[in-house]
Amino acid sequence: MKRKTLILAVFLAAVMALTACGSARTYTDFIDTGKRIAVEAGDVYGDLSRNLFKARTQEYSNTASMLEALRSGGVDAILISDGFVRRLENSGLYPEFRYISVPEYIYINRAAHIFHTEELRDKYNEWFAGITADGTLAQILDRWLGEDLPAFEDIPTFELTAENGTLRVCDTGNYAPLSYYENGVLVGFDMEMVQRFALYLGMDVDVIIVDYEDIDDVVTSGRVDMSAATWAVTDERLETIIFGEPSLVTEAVLIVKK
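Now for a quick tour of the structure. Just so it is clear, the model here is predicted, and its values are computed rather than measured.

### Let's talk about the overall build of the chain
- The number of helices and strands found in the chain is 9 helices and 15 strands.
- Counting the 258 residues in the chain, one finds 45% classified as buried.
- Taking contacts inside the chain between residues at least 6 apart in sequence as the whole, the part at least 24 apart equals 75%.
- Of the roughly 13,100 Å² of accessible surface on the chain, 51% is carried by carbon and sulfur atoms.
- Of note, the chain has its 23 positive side-chain charges centred 16 Å away from the centre of its 41 negative side-chain charges.

And the structure:
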């Protein structure tokens, strides 16, 4: 009898342990628990990690480093935009990960390109209103934030001229589907947006690659005219940064091990 009781107790303990490991967790399980959350350096999710989750926030220069840190146990979770997560989840590259959404009523990220001058920002907003009204923006978002990345041959190309000069922009080149290299060519949502804008202006595009956390300084100093990458719009940033209309509205997601 004692042996049966012991076996039953061990069995129940094992079931409870498996259930705890495999049960669906929510974002609240990471609030004020001292867990280590990875974010991209310079990203607004660093503030969310510190302010909402009260986490031990660890910054990384790119998403690949964050994913490897989670896989190796260096962090407990990654906090990132759902625009990146959709593609990662569908890729099947990390079957050991699960994805936990932070509800929209808790946090929503409105991201926009930033500009060196208000004059260029105003031209952008005029152009942006046009592509929003005629459905072009919806097509761009569907192309880059849909279920699969477009094949290289399906990525739109544009015959840009330099009749009105060159539009100088900066990007990171390491954040698919927004900015990444395919066949040695920088592609993604960011590049399609700035190339279409340059076409509207009658300009060519020149891109410099920088770290994400340096984009503000590079743009405000005038080294480039605008960022190809988008930055989260916050009240604090609006005091010193010239933002265009938000082009990406996304939710926050925690990536954790199953």
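### Regarding unusual backbone geometry
- Here Ala-176 and Pro-177 are connected by a cis peptide whose omega angle stands at 10°.
- Residue position: Pro-177 is located in the loop between β7 (166-171) and β8 (180-182).
- Backbone geometry places Asp-32, a non-glycine residue, at a positive phi of 55°.
- Structurally, Asp-32 is set in the loop between α1 (2-22) and β1 (36-40).

### Here we look at the packing of aromatic side chains
- Throughout the structure, instances matching the rule amount to 10 aromatic pairs.
- Measuring from ring centre to ring centre gives 5.1 Å for Tyr-94 and Phe-97, while their planes differ by 5°; the resulting arrangement is stacked.
- Given a relative accessible area of 18%, Tyr-94 falls into the buried group.
- Both rings, one in Tyr-124 and one in Phe-197, keep their centres 5.4 Å apart while their planes meet at 85°; by these two values the pair is edge-to-face. Here Phe-197 lies in helix α7 (residues 189-201) and Tyr-124 lies in helix α5 (residues 118-133), a separation of 73 residues in the sequence.

### Observations regarding helix α6 (residues 136-145)
- Those residues of α6 that sit buried are Thr-136, Leu-137, Ile-140, Trp-144 and Leu-145. Projected down its long axis, α6 shows its buried positions confined to an angular sector of 135°, all on one face. Along α6, exposed side chains directed more than 90 degrees from the buried face belong to Ala-138 and Asp-142.
- Lining the buried residues of α6 we find α4 (82-91), α5, β8, β9 (185-187), α7 and β14 (248-250).

### Remarks on the sheet that holds strand β2 (residues 56-60)
- With mixed pairing, 5 strands are arranged side by side in an open sheet as β2-β1-β3-β15-β4. Each of the sheet's edge strands pairs with one partner strand only, and the pair in question is β2 and β4 (97-101). With direction set aside, neighbouring strand axes in the sheet form an average angle of 30°.
- Across the sheet, α4 is in contact with β3 (77-81), β4 and β15 (252-257); its angle to β3 comes to roughly 115°.

### Digging into the pattern of salt bridges
- Counted according to the given criterion, the structure contains 8 salt bridges.
- A salt bridge links Asp-47 to Arg-50; its shortest N-O distance comes to 3.2 Å. A residue pair is termed a helical-turn pair when its members lie 3 or 4 positions apart in one helix, as Asp-47 and Arg-50 do in helix α2 (residues 45-51) at 3 residues.
- For Asp-225, the salt bridge is made with Arg-168, and the minimal N-O distance between the two is 2.9 Å. Of this pair, Asp-225 sits in the loop between α8 (215-220) and β11 (226-227) while Arg-168 is found in strand β7, placing the two residues 57 residues apart along the sequence.

### With respect to the packing of α5 against α7
- Viewed as axis vectors pointing N to C, α5 and α7 meet at an angle of 105°, and their least axial separation amounts to 11 Å. When the axis of α5 is compared with that of α7, the two are roughly perpendicular. Contacts between α5 and α7 involve Leu-120, Lys-123, Tyr-124, Glu-126, Trp-127, Phe-128 and Ile-131 from the former and Met-193, Arg-196, Phe-197, Tyr-200 and Leu-201 from the latter.

### Some details on the sheet that holds strand β12 (residues 231-232)
- With antiparallel pairing, 3 strands are arranged side by side in an open sheet as β12-β5-β14. For this open sheet the edge positions go to β12 and β14, each flanked by a neighbour on one side alone.
- Two elements, strand β5 (residues 109-112) and β12, share 2 bridges in a ladder whose sense is antiparallel. In the sheet register, Ala-112 faces β12, and the bridge partner there is Trp-231.

### Re the pairing of β2
- The pairing of β1 with β2 spans 5 bridges and is classified as parallel. Each residue of the ladder has a partner; that of Ala-38, found in β2, is Gln-58.
- In this fold, β1 hands off to α2, which returns the chain to β2; that crossover is right-handed.

Cut-off values and rules
Residues numbered from 1 in each chain as written. Predicted model: local features only at pLDDT ≥ 70, side-chain atom pairs only at ≥ 80, totals over all residues. Heavy atoms only, no water. Helix = DSSP H or I, 4+ residues; strand = E, 2+ residues; numbered from the N terminus. Buried < 20%, exposed > 50% of the residue type's maximum accessible area, 1.4 Å probe, protein only. Contact = heavy atoms within 4.5 Å. Areas by Shrake-Rupley, 256 points an atom, 1.4 Å probe, with all protein chains shown as cover. Lys, Arg positive; Asp, Glu negative; His and termini not counted. Charge placed at Lys NZ, Arg CZ, Asp CG, Glu CD. Phe/Tyr/Trp six-rings, centres within 6.5 Å; stacked < 30°, edge-to-face > 60°. Arc of directions from axis to C-beta. Pairing = 2+ DSSP bridges. Axes fitted to C-alpha atoms, helices over the stretch in contact; angles between N-to-C directions. Salt bridge = Lys/Arg side-chain N within 4 Å of Asp/Glu carboxyl O. Parallel < 35°, antiparallel > 145°, perpendicular 65-115°, else oblique. Right-handed = clockwise from strand over helix to strand, strands pointing away.

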